[in-house]
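In case you want the letters, here they are:
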Amino acid sequence: MDYVVVTKNDRPTIIRCIQGIREQSNVDRIIVVASEKSSDGTKDIVRDMRLRGLIDDVVFENSGLAQARVLGIERVQTEYFVFVDADVILEKAWFEKMYEYMRKLQSQFRLGAMSGMVAENQAVWEAQRRFGRLVEIKARGYTHNTIVRTEVARSWVPAQTVNAYEDYLLTQHIIRQGYRWFYVPVVSKHEYSGSFFKAAEWGGAGARQTNYFGGVLGLTKYLVLRLYTGFKKSIRIRNPFFIWLDLVTILGTIKGYVGWMRFSHKPK
């Protein structure tokens, strides 16, 4: 399979991300779509890896996240491809574990996409290990470590202004084509070093722009559910991290939802 990595400012992790991909047993080509707006040296690292043959194809873009994914999909040459976020480090046997689920799901459904799980720290890793399970996605599937059927994704045409929650739009596109998207309990390391509040703010803006919640009532239901699940996880794992994380996420989501236009990409 081709592997597609979309990156902006990922200097601390991009090299290890590519190394993790290269350790997989099914790699055909590695395609990197890098933002021209990167300001931390990521572009230079990507160029160097391309010269050294660690990456097969590099595209530099200035069109926002949704269009960056489209550019990556356009360059895929395999029946299925893999999206990997630039701060996700795949474990060595990632594909073998994913393929066990993929083989079974293909025998029962029209499989359009299949996402693995990620863990930012030991608390999340423990929660995923103990409670992670196979789930069919009906709303938003993630693209942080995800196998996608190429022919279904190629016809996806998101708005150029979308700069977050583009994975929700891709999920809905695949489902409308009559395919299914699943979330499977194969966990990889998410070496996220940014602000959880800012990430939630970004997500809240993307949710508003893509109408993910369908209005204020939907947003309210989501926030109440996040608070409940965070409290429940903290009790089950006996770690207050989850209730703290969901409180931060709730506040960030509200701020991003209200001020969503600040995060919208302005097309040329």
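From a predicted model like this one, the values you see are computed outputs, not experimental measurements.

1. Here's the deal with the packing of aromatic side chains
Logical step 1: Scanning the entire structure with this criterion turns up 15 aromatic pairs.
Logical step 2: For the pair Phe196 and Trp244, a centre-to-centre distance of 6.0 Å together with 90° between the ring planes defines the contact as edge-to-face. Linking Phe196 in helix H8 (residues 196–209) with Trp244 in helix H10 (residues 241–258), this pair joins segments that are 48 residues apart in sequence.
Logical step 3: Grouping aromatic residues by their ring pairs yields a cluster made of Tyr165, Tyr168, Tyr212, Phe213, Tyr222 and Tyr257.

2. A look at helix H7 (residues 166–176)
Logical step 1: Counting buried positions along H7 gives 8 out of 11 residues, so the element sits mostly inside the fold.
Logical step 2: Once H7 ends, the next one or two residues include Gly178, with phi positive near 90°.

3. Section: the side chain of His173
Logical step 1: Within the fold, His173 resides in helix H7.
Logical step 2: The residues touching His173, leaving out its near neighbours within four places in the chain, are Val152, Ser155 and Trp156.

4. Some points on the environment of Trp94
Logical step 1: Relative to the assigned elements, Trp94 resides in helix H4 (residues 94–108).
Logical step 2: Through-space distance from the C-alpha of Trp94 to that of Val187 is 8.3 Å; in sequence the pair is 93 residues apart.

5. A closer look at a positive patch on the surface
Logical step 1: On the surface, Arg130, Lys232, Arg236 and Arg238 cluster together into a positively charged patch.
Logical step 2: Examined against the element boundaries, Arg238 turns out to sit in the loop between helix H9 (216–237) and H10.

6. Re unusual backbone geometry
Logical step 1: Even without glycine at this site, Asn211 takes up a positive phi of about 60°.
Logical step 2: Tracing the backbone shows Asn211 in the loop between H8 and H9.

7. Side note on the environment of Arg47
Logical step 1: One can find Arg47 in helix H2 (residues 42–51).
Logical step 2: Assessed through its relative accessible area of 38%, Arg47 is described here as partly exposed.
Logical step 3: Taking the C-alpha atoms as reference points, Arg47 and Ala34, separated by 13 residues in sequence, lie 9.8 Å from one another.

8. Some points on the packing of helix H1 (residues 14–22) against H2
Logical step 1: Across the interface, H1 lies against H2 with an axial gap of 10 Å and an inter-helix angle of 35°. Where H1 approaches H2, its residues Ile14, Ile15 and Ile18 are matched on the opposing element by Ile45, Val46 and Met49.
Logical step 2: Grouping the constituent residues of the contact of H1 with H2 by class yields 6 nonpolar, no polar and no charged.

9. Thoughts on the side chain of Glu201
Logical step 1: Along the chain, Glu201 turns up in helix H8.
Logical step 2: Note on Glu201: relative accessible area 7%, which makes it buried.
Logical step 3: Setting aside chain neighbours within four positions, we find Glu201 in contact with Gly252, Thr253, Lys255, Gly256, Arg262 and Phe263.

10. Re the pairing of strand E9 (residues 180–190)
Logical step 1: Of all the 11 residues making up E9, 8 are buried; the element is thus mostly covered by neighbouring parts of the structure.
Logical step 2: The pairing of strand E5 (residues 88–89) with E9 spans 2 bridges and is antiparallel. Paired with Ile89 across the strands is Lys189, a residue of E9.
Logical step 3: As paired elements, strand E6 (residues 111–119) and E9 share 7 bridges and run parallel to each other. Paired with Leu111 across the strands is Arg180, a residue of E9.
Logical step 4: Across 3 bridges, strand E7 (residues 135–137) lies against E9 in antiparallel orientation. Its bridge partner lying in E9, Ile137 is registered against Trp181.

11. Details of the pairing of strand E4 (residues 80–85)
Logical step 1: Buried residues dominate E4, accounting for 5 of its 6 residues.
Logical step 2: Here 5 bridges tie E4 to strand E8 (residues 145–149), and the two strands are oriented antiparallel to one another. Of the residues in E8, the one forming a bridge with Phe83 is Thr146.

Here is what the cut-offs are and how they apply
Residues numbered from 1 in each chain as written. Predicted model: local features only at pLDDT ≥ 70, side-chain atom pairs only at ≥ 80, totals over all residues. Heavy atoms only, no water. Phe/Tyr/Trp six-rings, centres within 6.5 Å; stacked < 30°, edge-to-face > 60°. Helix = DSSP H or I, 4+ residues; strand = E, 2+ residues; numbered from the N terminus. Buried < 20%, exposed > 50% of the residue type's maximum accessible area, 1.4 Å probe, protein only. Contact = heavy atoms within 4.5 Å. Patch = residues over 30% accessible without salt bridge, like charges linked within 9 Å, V, L, I, M, F, W, Y side chains within 5 Å. Areas by Shrake-Rupley, 256 points an atom, 1.4 Å probe, with all protein chains shown as cover. Salt bridge = Lys/Arg side-chain N within 4 Å of Asp/Glu carboxyl O. Lys, Arg positive; Asp, Glu negative; His and termini not counted. Charge placed at Lys NZ, Arg CZ, Asp CG, Glu CD. Axes fitted to C-alpha atoms, helices over the stretch in contact; angles between N-to-C directions. Nonpolar A, V, L, I, M, F, W, Y, C, P; charged D, E, K, R; others polar. Pairing = 2+ DSSP bridges.

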